[in-house]
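Here are the chains, one letter per residue:
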Amino acid sequence: MAEKIVLAYSGGLDTSVAAHWLRDQRGYEVYCLTIDLGNLGDLEGIRERGEQAGAAQVDIVDAKQDFLRYFVFPALQAGVVYEGRYPLATALGRPLIAKLLVDKAREVGATAVAHGCTGKGNDQVRLDIGVQTLAPDLTIVGTTREHSVSRDEALAYAAQHGISVRQSQESPYSTDENLWGRSVEAGVLEDPWVEPPADVFLWTKPLDETPARPAEVEIRFQEGIPVALDGVEMGPVDLVQRLSDLGGEHGIGRIDMVENRLVGIKSREIYEAPAAVILLEAHSALESLTLTKPQTRFKHLVAQEYADLVYNGLWFSSHHRDLSQYVVSTQRHVTGDVRVRLWHGNATVIGRRADRSLYSQALATYNKEGDLFDQSHAQGFIRLHGLQAQVQAQTQMLTEAGDLLKLAAPEG
Ligand code: ARG
């Protein structure tokens, strides 16, 4: 009896060819698993192509809710962005896909799982490690890594084996989409000097087509998780989709960057992540009211560490668990509302309030009336705060440099 394999199946040309190849060349009984993390197109077409490719079963799983709840919102609470810009949509989806591949493998009694990730990218790392950590007994087959075919070869293979391919749906780029964002690379984008052509963008309008008038949205957070828009409570999927549409309409969330992959390659990637950009901005505005300065500083360090481990495929690790416990603890009072103006590509916070805000107008005010801050305390505080710098300047720096004007440019 043939051994069973579960293939992470997108329904596109490459994984359809892979499904057929796993059966014909490697002798597996192939179970195609398509995981819907949002923005999955034509489900019937996917099922049909999987069957044409010879799959024993094509299963399509809606994992949108779990994706937001267990992957995206924890990342939002942590404030993770990779290398300062990328909200990690693709990276956050991979551990969930790995988990569902393993579940399916257990369900059907498969001995192996497969994916079509390139051998040059991060996604293979995330899927492999996900499967490796959850189910070390499963064999992992990287179909593209092991048997790379050109686009023309794949098309010829599909034609020869009766797998229908909708040419129009195959873009000239390599793309990945889920509710948190869209990633686009390859094609002309490989030259980092080349401006992204208009056809790269599907979710966000170019600035010259965005509405002349701004939109405003009020986002309610409960312990760091968005729960309502404009006073209307919403489930996670609707809320994120709504912000994605609204932000896209106003040209928000386009990111063009060269990033450092785990495997040592620099790559140019375009992202569209309107909901992520809006929510990260709003969430951080609410934290500015509810976290103290040291909490804010330390949480930034944690966020970088957290972003790296998500990017580098180490989701299922105790290090992650430990960091996330810290993050969740910081969110106890991140409850309140943020007003964001969406206009011409920008999501601008124009108002914020928290149920337990640390902001005190009575301390901050420049008006005499109601002022609770005693300015006479300032002088003594500053004396002590500056004491070490004062002593050092007089005893060491004046003798070293002579002229403190050039302190920051010693050789000049
Ligand atoms: N560079 C991003 C990451 O490593 C996205 C990878 C997938 N991109 C794509 N266009 N297929 O998370």
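Going by the structure above, here's the rest.
An account of the accompanying structure is given in this report. (Residues numbered from 1 in each chain as written. Predicted model: local features only at pLDDT ≥ 70, side-chain atom pairs only at ≥ 80, totals over all residues. Heavy atoms only, no water.)

Bringing the sheet that holds strand β3 (residues 57-62) into the picture now. The strand order across the open sheet formed by five strands is β3-β2-β1-β4-β5, and the pairing between neighbours is parallel. Edge positions in the sheet fall to β3 and β5 (139-142), since each of these pairs with one other strand and no more. Across this sheet, the average inter-strand angle for adjacent strands is 25°, counted without regard to direction. Here strand β1 (residues 4-8) runs beside strand β4 (residues 112-115); their pairing, made up of three bridges, is parallel. Residue pairing for β4: Val 6 is matched across the bridge by Val 113. (Pairing = 2+ DSSP bridges. Helix = DSSP H or I, 4+ residues; strand = E, 2+ residues; numbered from the N terminus. Axes fitted to C-alpha atoms, helices over the stretch in contact; angles between N-to-C directions.)

This part covers a nonpolar patch on the surface. Judged by side-chain polarity, Leu 363, Leu 372 and Phe 373 come together as a nonpolar surface patch covering roughly 330 Å² of accessible area. Its location among the elements puts Phe 373 in the loop between α12 (361-364) and α13 (378-385). On the basis of relative accessibility, which here comes to 46%, the residue Phe 373 falls in the partly exposed class. (Patch = residues over 30% accessible without salt bridge, like charges linked within 9 Å, V, L, I, M, F, W, Y side chains within 5 Å. Areas by Shrake-Rupley, 256 points an atom, 1.4 Å probe, with all protein chains shown as cover. Salt bridge = Lys/Arg side-chain N within 4 Å of Asp/Glu carboxyl O. Buried < 20%, exposed > 50% of the residue type's maximum accessible area, 1.4 Å probe, protein only.)

With that out of the way, let us pick up the pattern of salt bridges. In the structure shown here, the tally under the stated rule is 24 salt bridges. When the shortest N-O distance is used, the salt bridge between Arg 182 and Glu 177 registers 2.7 Å. Arg 182 sits in the buried class, given a relative accessible area of 4%. What makes Glu 177 partly exposed here is its relative accessible area of 26%. Its salt-bridge partner being Glu 218, residue Arg 353 comes within 3.7 Å of it at the nearest N-O pair. Highlighted residues: Arg 353 in strand β14 (residues 346-354) and Glu 218 in strand β8 (residues 215-222), separated in sequence by 135 residues. Taking the relative accessible area as the measure of exposure, Arg 353 reaches 52% and is therefore exposed. Through salt bridges that share partners, Glu 218, Arg 220, Asp 337, Arg 353 and Asp 355 make up one connected network.

Attention shifts here to the environment of Ala 8. Note that Ala 8 resides in strand β1. Here Ala 8 falls in the buried class, since its relative accessible area comes to 15%. Ala 8 sits 90 residues away from Ala 98 along the chain, and the two C-alpha atoms are 8.7 Å apart.

Bringing the environment of His 20 into the picture now. Locating His 20 in the fold gives a position in helix α1 (residues 13-24). Taking the C-alpha atoms as reference, His 20 lies 14 Å from Ile 46; in sequence the two are 26 residues apart. In this structure, His 20 is in contact with Gln 25, Ala 53, Tyr 157, His 161 and Ile 163, ignoring residues within four places of it in sequence. (Contact = heavy atoms within 4.5 Å.)

A word on the environment of Ala 56. Position of Ala 56 among the secondary structure elements: in the loop between α2 (43-52) and β3. Spatially, the C-alpha atoms of Ala 56 and Val 141 are 18 Å apart, while their sequence positions differ by 85 residues. Setting aside chain neighbours within four positions, we find Ala 56 in contact with Glu 29, Val 30 and Tyr 31.

Phi at Glu 83 is positive, roughly 50°, even though this residue is not glycine. By secondary structure assignment, the location of Glu 83 is in the loop between α3 (64-78) and α4 (89-108). Overall, the relative accessible area of 35% leaves Glu 83 in the partly exposed class. Of note, Ala 186 is a non-glycine position whose phi angle comes to about 75°, a positive value. Counting through the fold element by element, Ala 186 comes out in the loop between β7 (181-185) and β8.

Before going further, it helps to spend a moment on the packing of aromatic side chains. Aromatic ring pairs are reported here in terms of the distance separating the ring centres and the angle at which the planes meet. By the definition in use, this model includes five aromatic pairs. Ring centres 3.5 Å apart and planes at 5° place the aromatic pair Tyr 82 and Tyr 311 in the stacked group. Taken together, the residues span a long stretch of sequence, with Tyr 82 in the loop between α3 and α4 and Tyr 311 in helix α10 (residues 293-311) at a distance of 229 residues. Here the two residues Tyr 82 and Tyr 311 agree in accessibility, since each one is buried. The interplanar angle of 85° and the centroid separation of 5.4 Å between the aromatic rings of Phe 298 and Tyr 326 together place this pair among those described as edge-to-face. Of this pair, Phe 298 sits in helix α10 while Tyr 326 sits in helix α11 (residues 318-330), placing them 28 residues apart in sequence. The partly exposed category is assigned to Phe 298, whose relative accessible area is 46%. Each residue in the set Tyr 82, Tyr 86, Tyr 271 and Tyr 311 is aromatic and connected to the rest through ring pairs, giving one cluster. (Phe/Tyr/Trp six-rings, centres within 6.5 Å; stacked < 30°, edge-to-face > 60°.)

We now examine the pairing of β14. Note: strand β13 (residues 336-343) against β14, eight bridges, orientation antiparallel. Paired with Gly 336 across the two strands is Ala 354, which belongs to β14. Joining the antiparallel neighbours β13 and β14 is a turn of two residues, in which His 344 adopts a positive phi near 45°.

Tyr 86, Asn 122, Ser 174, Glu 259 and Glu 269 are the nearest of the 15 residues found near the ligand. Within the side chain of Arg 126, a nitrogen or oxygen atom sits 2.9 Å from an oxygen atom of the ligand. At 3.4 Å from a nitrogen atom of the ligand is found a main-chain nitrogen or oxygen belonging to Ser 183. In isolation the ligand exposes 340 Å². Once the protein is present, 94% of that is buried. Counting residues per element, the ones that place at least two in the shell around the ligand are α4, α5 (123-134), β6 (174-178), β7 and β12 (266-272). Among the elements that make up the shell around the ligand, the one with the highest residue count is β7 (three residues). (Near = heavy atom within 4 Å. Polar contact = N/O pair within 3.5 Å; in protein donor to acceptor, adjacent residues only side chain to side chain.)

Worth remembering: the numbers are spatial, not functional.
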